[in-house]
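Examination of the molecular architecture
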Amino acid sequence: MIRKAVLPVAGWGTRFLPATKAMPKEMFPIIDKPVIQFIVEELLEAGVENVIFVTGRHKRPIEHHFDINTDLEKHLEEAGKEDVLENIKEISHMINPIYLRQKEQLGLGHAVLTAEPAVGNEPFLVSLGDIILERGREVIEKMIEAHYRFGKSVIALHEVEEKEVSKYGIAKVKRIEEDIYIVEDLVEKPSPEEAPSNLAIVGRYVFTPRIFDKLRETKPGKGGEIQLTDAMKLLLEEEVIYAYKVEGKVYDTGNPVDYIKTIVEFALKREDIREEILSYLQEILSKQTQLIDRP
Ligand code: UTP
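Summarised in this report is the structure supplied together with it.

Section: the overall build of the protein chain
Across its full length, the protein chain holds 11 helices and 13 strands. Projecting the C-alpha coordinates of the protein chain onto the three principal axes gives extents of approximately 60 × 60 × 35 Å. Within the span of the protein chain, comprising 295 residues, buried residues form 45% of the whole. Pairs at least 24 residues apart make up 75% of the contacts formed inside the protein chain by residues separated by at least 6 positions. Looking at the protein chain, you have 40 positive and 53 negative side-chain charges, and the mean spots of the two groups are 4 Å apart.

Digging into the site of the ligand
Lining the immediate environment of the ligand, one finds 18 residues, of which Thr14, Arg15, Lys25, Gln102 and Gly107 sit closest. Proline 8 has a polar backbone atom sitting 2.9 Å from an oxygen atom of the ligand. Within the side chain of lysine 25, a nitrogen or oxygen atom sits 2.7 Å from an oxygen atom of the ligand. Protein coverage of the free-state accessible area of the ligand, which is 560 Å², stands at 84%. The residue makeup of the shell around the ligand, split by class, is 7 nonpolar, 7 polar and 4 charged.

Description of a negative patch on the surface
On the surface, Glu77, Glu82, Asp83, Glu86 and Glu90 cluster together into a negatively charged patch. Looking at which element gives the most residues to the negative patch, the answer is helix H4 (residues 82-92), with 4 residues. Its location among the elements puts glutamate 82 in helix H4.

Details of helix H10 (residues 256-269)
Taking 1.5 Å per residue, 14 residues should reach 20 Å; H10 reaches 20 Å between its end C-alpha atoms and fits that length. Listed as buried for H10 are Tyr259, Thr262, Phe266 and Ala267. Angular distribution of buried residues about the axis of H10 spans 130 degrees; they occupy a single face of the element. Away from the buried face of H10 by more than 90 degrees, exposed residues Val257 and Ile260 are located. Looking at the buried side of H10, the elements it contacts are strand E2 (29-30), helix H1 (35-45), strand E7 (131-133), strand E13 (250-252) and helix H11 (274-293).

Topic: the pairing of strand E10 (residues 180-188)
Strand direction decides the pairing type here: strand E9 (residues 169-175) and E10, joined by 7 bridges, are antiparallel. Note on E10: the bridge partner recorded for isoleucine 170 is valine 187. The hairpin turn running from E9 into E10, its antiparallel successor, is 4 residues long. The sheet contact formed by E10 and strand E12 (residues 241-245) spans 3 bridges and is antiparallel. Bridged to tyrosine 181 within E12 is alanine 243.

A closer look at the packing of helix H3 (residues 70-78) against H4
Remark: H3 packs on H4, axes separated minimally by 9 Å, with the N-to-C direction vectors making an angle of 160 degrees. Our classification of the angle between H3 and H4 gives roughly antiparallel. Taken as a pair, H3 and H4 cross one another with a handedness that is left-handed. Contacts from Leu72, Glu73, Leu76 and Glu77 of H3 reach H4 at Val84, Leu85, Ile88, Lys89 and Ser92.

Topic: the nonpolar core
Phe53, Ile155 and Met232 are the most contacted members of the largest nonpolar core, which totals 77 residues. Setting aside residues no more than four positions away along its own chain, phenylalanine 53 makes contact with Leu7, Val9, Ile36, Val40, Ile62, Phe66, Ile95, Pro97, Ile98, Tyr99 and Leu100. Counting residues in hydrophobic clusters, the runner-up holds 5 residues, among them Val160, Val165, Ile170 and Ala200.

Looking at the packing of aromatic side chains
In total, this model carries 11 aromatic pairs according to the counting rule given. Consider the rings of phenylalanine 53 and tyrosine 99, whose centres lie 5.1 Å apart with planes at 15 degrees: the pair is stacked. One end of the pair, phenylalanine 53, is in strand E4 (residues 50-55); the other, tyrosine 99, is in strand E5 (residues 98-101), with 46 residues separating them in the sequence. The buried category is assigned to phenylalanine 53, whose relative accessible area is 0%. Residue tyrosine 99 is classed as partly exposed on the basis of its relative accessible area of 26%. Summarising the aromatic geometry, the rings of tyrosine 205 and phenylalanine 207 are spaced 5.3 Å apart at their centres and angled 15 degrees between planes, so their arrangement reads as stacked.

As for the pattern of salt bridges
Under the criterion given, the structure shown has 31 salt bridges. Across the pair glutamate 247 and lysine 245 runs a salt bridge, and its minimum N-O distance is 3.9 Å. Relative accessible area serves as the criterion here: at 15%, lysine 245 is assigned to the buried category. Salt bridges linked by common partners bring Glu116, Arg210, Asp213, Lys214, Arg216, Glu217 and Glu238 together as one network.

Focus: the packing of H10 against H11
Contact geometry of H10 with H11 gives a least axis separation of 7 Å together with a crossing angle of 130 degrees. Our classification of the angle between H10 and H11 gives oblique. By crossing handedness, the relation of H10 to H11 is classed as left-handed. Touching Val264, Ala267 and Leu268 of H10 are Arg274, Ile277, Leu278 and Leu281, all from H11.

How each quantity is defined
Residues numbered from 1 in each chain as written. Predicted model: local features only at pLDDT ≥ 70, side-chain atom pairs only at ≥ 80, totals over all residues. Heavy atoms only, no water. Helix = DSSP H or I, 4+ residues; strand = E, 2+ residues; numbered from the N terminus. Buried < 20%, exposed > 50% of the residue type's maximum accessible area, 1.4 Å probe, protein only. Contact = heavy atoms within 4.5 Å. Lys, Arg positive; Asp, Glu negative; His and termini not counted. Charge placed at Lys NZ, Arg CZ, Asp CG, Glu CD. Near = heavy atom within 4 Å. Polar contact = N/O pair within 3.5 Å; in protein donor to acceptor, adjacent residues only side chain to side chain. Areas by Shrake-Rupley, 256 points an atom, 1.4 Å probe, with all protein chains shown as cover. Nonpolar A, V, L, I, M, F, W, Y, C, P; charged D, E, K, R; others polar. Patch = residues over 30% accessible without salt bridge, like charges linked within 9 Å, V, L, I, M, F, W, Y side chains within 5 Å. Salt bridge = Lys/Arg side-chain N within 4 Å of Asp/Glu carboxyl O. Expected span 1.5 Å × (residues − 1). Arc of directions from axis to C-beta. Pairing = 2+ DSSP bridges. Axes fitted to C-alpha atoms, helices over the stretch in contact; angles between N-to-C directions. Parallel < 35°, antiparallel > 145°, perpendicular 65-115°, else oblique. Left-handed = near helix turned anticlockwise from the far one by under 90°. Core = buried A, V, L, I, M, F, W, Y, C linked by side-chain atoms within 4.5 Å. Phe/Tyr/Trp six-rings, centres within 6.5 Å; stacked < 30°, edge-to-face > 60°.

Structure (structure tokens):
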């Protein structure tokens, strides 16, 4: 049974500085819900309840978010704001989290290795704290199911445009079922010419505990960091790794442009604000078009 999920949230978030100097990017709101809550909800919906956060110095707001805030609850009660109160209480009781400190930000691989004492010798999930999946529950369920069938690690992949491959870890794969593949190789940020496919690693993984041995063997790579992809390449030498191809959209909230796109899309999905946002977008779009058309 896969019971545990590791959420590495200790990164610097340099692409978002100075906003991330004191505030974790995982706490940035998508309208009114922080990114990390979407990821925790996805896990809960798929039946995974043990959430292990690998945090760092500036990440306290994440702990506060999933904790009880009695002052706020009292205030909402006195103000008669029952709906919000319910929601706030729900978040406080959502999970019984474990927090581990990654004392030095030595890379995603190192963050996963930091979680070993809490994971132990059992298969586990890893979900990146800045990627929201449109069909997250389904993805986690399918990955867990594939793990049970094959008894091996399973990573999530999604199709990206060919010109975009150089932004991602790309997998060389062999298709064995409609949405299940065998991973043959992994290439970090290849040029479009070198890329073995357009299937990118997407931030959801099921690992056998063997990955911890491989992380220990992994030498620092790009930027002096212990890269998870490098450890996966070592794992590939002795275990088959399977891949599940994600259907639905992938929202990367870890950089400003994709973060803004995510907010706009989520706003348009929300009945209470959709109309207002849509007419605002139409208005600014038509103003921009007029400016462009002006000789
Ligand atoms: P990113 O590649 O997004 O790095 O890490 P980052 O530091 O968060 O952001 P940038 O690139 O500087 O803008 C992917 C995930 O791994 C975590 C991050 O918190 C993020 O969820 N991570 C990364 C760690 O937990 N520790 C690390 O040392 C590095």
